Amino acid sequence: MILKMHLLPIGLFFVFSISNSQNTISFSQKDNSKFEVKHINNFESLEVKNTQTGKIQIINNIEASITGKDSHLEINDYNFDGYTDFASFHTDDGMGVYTIYQIFVFNPKTKQFDPLKFPTNYNPKCDMFCDVKVDKTKKTLSSSCRGGARTHTDIWKYNQNKKLVLSKSESY
């Protein structure tokens, strides 16, 4: 009985730590600024705090699951400029076969994060960023989605003007 009383708080601590760590991330930039990002308002907004200056950026209209699936945060360099960016993502509300990403890139001039807009002047196979993979060697982002019995992959890269362009699309 005493063992059970001690294990319950320890178990609850681990469960809380795991779920809390999925929705809050902390990182440093190459300019030594430090940030903490967390979901707020029932996962529909993000709070981005510069922990050195105390300045807070609120990012609204975050894509959240309408069926209650968890949202998560991830860090990466999504535009290959050497600064740490982040993404908020969740499993699709259908059969849960892919994850939907919203990517935010660091602007070193404003020290804030700007949404990476999904380019609409191309004809990609996927109509949003899904199952995003970053290839640092080739400096590409791939986005994969399903349509019927086919899987589609769009390969994105940055052009000389630092604009995201569609490099190629594949279906199999």
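Residues numbered from 1 in each chain as written. Predicted model: local features only at pLDDT ≥ 70, side-chain atom pairs only at ≥ 80, totals over all residues. Heavy atoms only, no water.

Let's talk about the packing of aromatic side chains
Tallying each qualifying case throughout the model produces 14 aromatic pairs. Between Phe27 and Phe113, the ring centres sit 6.0 Å apart and the planes meet at 85°, which makes this aromatic pair edge-to-face. Within this pair, whereas Phe27 is found in strand E1 (residues 24–28), its partner Phe113 is found in strand E8 (residues 112–115), the two being separated by 86 residues in sequence. For Phe113, a relative accessible area of 2% puts it in the buried group. Between Phe129 and Trp156, the ring centres sit 6.4 Å apart and the planes meet at 70°, which makes this aromatic pair edge-to-face. Linking Phe129 in the loop between E8 and strand E9 (133–135) with Trp156 in strand E11 (residues 150–158), this pair joins segments that are 27 residues apart in sequence. Just as Phe129 is buried, Trp156 falls in that class too. The cationic tip of Lys30 hangs over the ring face of Tyr83; the distance from NZ or CZ to the ring centre is 4.5 Å. (Phe/Tyr/Trp six-rings, centres within 6.5 Å; stacked < 30°, edge-to-face > 60°. Helix = DSSP H or I, 4+ residues; strand = E, 2+ residues; numbered from the N terminus. Buried < 20%, exposed > 50% of the residue type's maximum accessible area, 1.4 Å probe, protein only. Lys NZ or Arg CZ within 6 Å of the ring centre and 35° of its normal.)

Side note on the state of the cysteines
Applying the stated criterion across every chain, the model contains one disulfide. Across a sulfur-sulfur distance of 2.2 Å, Cys126 and Cys145 are joined as a disulfide pair. Of note, the bridge from Cys126 to Cys145 carries an S-S torsion of about -100° and is left-handed in sense. On the criterion of sequence distance, the pair formed by Cys126 in the loop between E8 and E9 and Cys145 in strand E10 (residues 140–147) is long-range, its members being 19 residues apart. Neither Cys126 nor Cys145 differs from the other in exposure class; each is buried. (Disulfide = S-S within 2.5 Å.)

Describing the side chain of Ser144
Here Ser144 lies in strand E10. Ser144 sits in the buried class, given a relative accessible area of 17%. Within the structure, Ser144 has its side chain in polar contact with the side chain of Thr153 (distance 3.0 Å). In contact with Ser144, not counting residues within four places along its chain, are Tyr98, Cys126, Cys130, Asp131, His152 and Thr153. (Polar contact = N/O pair within 3.5 Å; in protein donor to acceptor, adjacent residues only side chain to side chain. Contact = heavy atoms within 4.5 Å.)

Thoughts on the sheet that holds strand E5 (residues 71–76)
Ordered in space as E5-E6-E7-E8, the four strands form an open sheet in which the pairing is antiparallel. Looking at strand neighbours, the two that pair on one side only are E5 and E8, the edges of this open sheet. Ignoring which end each strand starts from, the neighbouring axes of this sheet average 30° apart. Across four bridges, the pairing between strand E7 (residues 99–107) and E8 is antiparallel. Paired with Phe106 across the bridge in E8 is Phe113. (Pairing = 2+ DSSP bridges. Axes fitted to C-alpha atoms, helices over the stretch in contact; angles between N-to-C directions.)

Concerning unusual backbone geometry
Of note in this structure, Phe43 is not a glycine but carries a positive phi near 70°. Overall, Phe43 belongs to the partly exposed group, its relative accessible area being 27%. In this structure, Asn61 is a non-glycine residue whose phi angle is positive, near 60°. You can see Asn61 is positioned in the loop between strand E4 (56–59) and E5.

A short note on the nonpolar core
With 15 residues, the main nonpolar core has Tyr78, Tyr101, Ile103, Leu116, Phe129, Leu141 and Leu164 as its most contacted residues. Looking at which element gives the most residues to this core, the answer is E7, with three residues. Sequence-distant contacts of Leu141, defined by excluding residues within four places in its chain, comprise Tyr78, Phe80, Leu116, Lys133, Val134, Asp154, Ile155, Trp156, Tyr158 and Leu164. Counting 14 residues, the second-largest nonpolar core is a separate cluster that includes Ile25, Leu73, Tyr83 and Phe113. (Core = buried A, V, L, I, M, F, W, Y, C linked by side-chain atoms within 4.5 Å.)

Function-wise, these values are silent; they only describe arrangement.
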